[in-house]
Amino acid sequence: MNCMDQTIKNNTHIEPGIKVEAADEWSRLFQRYDVTETAWIGADGIYSFALDGNDAFAGATDCTKTFFIFSDTLFGTASKDGRHAVRKAMPNHTCAILEGNKPDTARCRFIWGKGGSCTLDKSDLDNNEKKNLVGAPKWFTDGLVLGDKLYLFCYTPVGLANDRVDMAVFPIVQGNADFQHYSLIEAIPQLCMLNQQGELAIDYGYAVHVNTKEAGAPNPDGYIYVYGGGRDYSGYVSRIKAEDFPDFSKLKYYDGSKWSKSLADSAAVIRGISREYSVTPIPTGPKAGNYIAIFMDQCVSGDIAYAIADTPYGPFGDAVRFYRAPEAGKAVLDANGKEDTIFTYNAKAHPHLSVGSRLLISYNTNVWNGDNTPYCYHPRFIWLDLETI
């Protein structure tokens, strides 16, 4: 699903009365300005995972280790305000490990390179195998921690055979991801369906909800819900018993009324989603007991929205736009000093890092011509107060 053909909307309606505030403390965790030696200076595509498998709302503690996965990542140097940069390389994915439940830069480290080598050698950073954690160009979507493994859905970037869904598996050893002993499960047939042009018509892995007692789900039914998307910006849902995962031959797809063994029976349960989104149980407020999908409305509109459902499989109600990203449509200078425009995308929630009644939500910023600076290319965060939806 390519979002780049969408037009940023102006003067859209934002639902009044919903309390939203900037989570600047989290945005600063990934803001890398005033960098004089080659380093990690920005990325997009952020998902988060508690390595202990506890995904409960506000479940993170001072002992929690959170694994963040990013897609295309800038390496280079940056000016003091982040508006100028010298790009040295762009791995297709990197990650970070945060210790604790607060955005503390002293307890956050970035990891990249095959096997977690963290190489800064220019020839390595230009090599698809050496610069990427899994030894190949992959963009990551959602995933889960189950037992002693971290499972991450991924696919090959556009232009490099974007016609399949893969999965990377990292062992978890003594609470840490083992980067050297990863494995790749490639071209999983149960996770995608192509159209007549050989393009992805529906693919799964954009969002995951682990609805088990072990993951801290409030109403566990023992299923892992794996959500997908289509070229019409609709969201779909499949599920598999936790004890069967990752035997995707046992995956079933919701057809709007029942569960089917056929991927072709997938029915849209959410409308207007972005490529990356999230589905989270609501623990508090007037919608407690329901489920909330978070997404950038119509992919790159600049408006972050939610939709509510009674069950993890929907159907979800109409999109409620509750926040207009202030960066959307903003004119900036790109890395080459040319005027460009910022767009925003890929909003999603991070439930285990949430606090009280406030749901932590991230979104990405980018420029249309792709010549990024750290100012334009790092995750932004906001708080949504669930008591006010």
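Reading the values: the criteria
- Along every chain, residues carry numbers that run from 1 in the direction the sequence is written.
- This being a predicted model, a pLDDT of at least 70 is required before a residue's local features are given, and a value of 80 or more before pairs of side-chain atoms are given or counted; all residues contribute to the totals for chains, interfaces and linings.
- Excluded from the side-chain calculations are hydrogens and water; all other atoms, namely the structure's heavy atoms, are used.
- Only DSSP runs of H or I with at least four residues qualify as helices, and only runs of E with at least two residues qualify as strands; both kinds are numbered from the N terminus onward.
- Exposure categories follow from relative accessible area, calculated using a 1.4 Å probe and restricted to protein chains: below 20% of the type maximum is buried, above 50% is exposed, and the middle band is partly exposed.
- Here, nonpolar core refers to any group of buried Ala, Val, Leu, Ile, Met, Phe, Trp, Tyr and Cys residues whose side-chain atoms link them within 4.5 Å.
- Charge convention: Lys and Arg are scored as positive, Asp and Glu as negative, and His as well as the terminal groups of each chain are ignored.
- What makes a salt bridge here is a side-chain nitrogen of Lys or Arg within 4 Å of a carboxyl oxygen of Asp or Glu, nothing more.
- The contact definition used throughout considers only heavy atoms, calling two residues in contact when any of these lie within 4.5 Å.
- Only strands joined by at least two bridges in the DSSP assignment are considered to pair.
- The convention used is that axes are lines fitted to C-alpha atoms, helices contributing only their stretch in contact, and that angles between N-to-C directions extend from 0 to 180 degrees.
- Pairing of aromatic rings covers Phe, Tyr and Trp, the last through its six-membered ring, and needs centres within 6.5 Å; plane angles under 30 degrees mean stacked, over 60 mean edge-to-face, and all others mean tilted.
- Two conditions define a charge sitting above a ring: the NZ of Lys or the CZ of Arg must be within 6 Å of the ring centre, and it must be within 35 degrees of the ring normal.
- As a per-residue measure, pLDDT reflects the predictor's confidence and takes values from 0 up to 100.
- We define a polar contact as two N or O atoms separated by no more than 3.5 Å, with the added condition that, inside protein, one atom must be a possible hydrogen donor and the other a possible acceptor, whereas residues neighbouring each other in sequence contribute only through side-chain atom pairs.

### Re unusual backbone geometry
Cis geometry is adopted by the peptide bond preceding Pro 246, which originates at Phe 245 and carries an omega value of 5 degrees. When you line up the elements, Pro 246 lands in the loop between strand 17 (234–241) and strand 18 (252–254). Here the bond from Gly 314 into Pro 315 is cis, since omega is 5 degrees, no more than 30 degrees from zero. Relative to the helices and strands, Pro 315 is located in the loop between strand 23 (303–309) and strand 24 (320–324). For Gln 174, which is not a glycine, the phi torsion comes out positive at approximately 50 degrees. Inspection of the secondary structure puts Gln 174 in the loop between strand 11 (166–173) and strand 12 (176–177). By relative accessible area, which is 77% here, Gln 174 ends up exposed.

### Here's the deal with the nonpolar core
In this structure, Phe 153, Met 167, Leu 191, Tyr 204, Ile 224, Phe 245 and Phe 248 are the most contacted members of the largest nonpolar core, which totals 25 residues. Residue assignment for this core shows that the elements contributing at least two residues are strand 10 (149–155), strand 11, strand 15 (200–211), strand 16 (223–230) and strand 17. The element that contributes the greatest number of residues to this core is strand 15, accounting for 5 residues.

### Re the side chain of Lys 131
For Lys 131, the position within the fold is in helix 3 (residues 128–131). Put simply, Lys 131 is tucked away with no salt bridge, and the nearest opposite charge, on Asp 126, sits 6.1 Å away. Residues within four places of Lys 131 in sequence aside, it is in contact with Met 90, Pro 91, Asn 92, His 93, Gly 113, Lys 114, Asp 124 and Leu 125.

### Focus on the sheet that holds strand 5 (residues 73–78)
The sheet built from 3 strands is open, its strands ordered 2-5-6 with antiparallel pairing. Because the sheet does not close on itself, it has two edges, and the strands there are strand 2 (35–43) and strand 6 (85–89). Direction aside, the axes of adjacent strands within the sheet are offset by 40 degrees on average. Alignment of strand 2 against strand 5, held across 5 bridges, turns out to be antiparallel. In the strand pairing of strand 5, Ala 43 is matched with Thr 73.

### Looking at the pattern of salt bridges
Scanning all chains against the criterion turns up 19 salt bridges. Between Arg 107 and Asp 62 there is a salt bridge, with the nearest N and O atoms lying 2.7 Å from each other. Note that Arg 107 is positioned in the loop between strand 7 (94–99) and strand 8 (108–111) and Asp 62 in the loop between strand 3 (47–50) and strand 4 (65–70), a separation of 45 residues in sequence. Since its relative accessible area comes to 48%, Asp 62 is described here as partly exposed. The shortest N-O distance in the salt bridge between Arg 271 and Asp 232 comes to 3.9 Å. With Arg 271 in strand 20 (residues 270–271) and Asp 232 in the loop between strand 16 and strand 17, the pair connects residues that are 39 residues apart, well separated along the chain.

### Considering the packing of aromatic side chains
Each aromatic ring pair is specified by the distance between its two centres and by the angle formed by the two planes. Per the stated rule, a full pass over the model turns up 31 aromatic pairs. Taking 6.4 Å as the distance between ring centres and 70 degrees as the angle between the ring planes, the aromatic pair formed by Tyr 227 and Tyr 277 counts as edge-to-face. In this pair, Tyr 227 sits in strand 16 while Tyr 277 sits in the loop between strand 20 and strand 21 (278–281), placing the two residues 50 residues apart along the sequence. Classification of Tyr 227 by relative accessible area gives buried; the value is 0%. By relative accessible area, which is 0% here, Tyr 277 ends up buried. With 5.4 Å between their ring centres and 80 degrees between their planes, Trp 259 and Tyr 313 make a pair best called edge-to-face. Placement of Trp 259 in strand 19 (residues 259–260) and of Tyr 313 in the loop between strand 23 and strand 24 is noted, with a sequence separation of 54 residues between them. Ring pairing ties together the aromatic residues Trp 26, Phe 30, Trp 40, Phe 68, Phe 70, Phe 110 and Phe 381, which thus form one cluster. Over the aromatic face of Tyr 375 sits the side chain of Arg 380, whose NZ or CZ is 5.8 Å from the ring centroid.

### Observations regarding the confidence of the model for the protein
Should the pLDDT be low somewhere, the predicted coordinates at that spot are not to be read in detail. When pLDDT is averaged across the protein, the result is 94; 96% of the residues are at 70 or more. Ignoring residues within four places in sequence, the model shows residues 4–10, a span with pLDDT below 50, making 23 contacts including any to other chains.

### Side note on the environment of Lys 348
Note that Lys 348 resides in strand 26 (residues 339–349). Distance from Lys 348 to Ala 305, taken between C-alpha atoms, is 9.7 Å for residues 43 residues apart in sequence. When residues no more than four places from it in sequence are discounted, the contact partners of Lys 348 are Gly 45, Ile 46, Tyr 47, Glu 276, Tyr 277, Ser 278, Ile 294, Leu 360, Ile 361, Ser 362 and Asn 364. Among the polar contacts made by the side chain of Lys 348, one reaches the main-chain carbonyl oxygen of Ile 46 at a distance of 2.9 Å. Here the side chain of Lys 348 touches Glu 276 through a polar contact of 2.9 Å, side chain to side chain.

### Notes on the sheet that holds strand 23
The 4 strands are arranged 21-22-23-24 in an open sheet whose pairing can be described as antiparallel. With one partner strand each, in any of the chains shown, strand 21 and strand 24 form the two edges of the open sheet. Between one strand axis and the next, the sheet turns through 25 degrees on average, direction left out of account. In terms of strand pairing, strand 21 meets strand 22 (residues 291–296) through 4 bridges, oriented antiparallel. Residue pairing for strand 22: Thr 280 is matched across the bridge by Ile 292.

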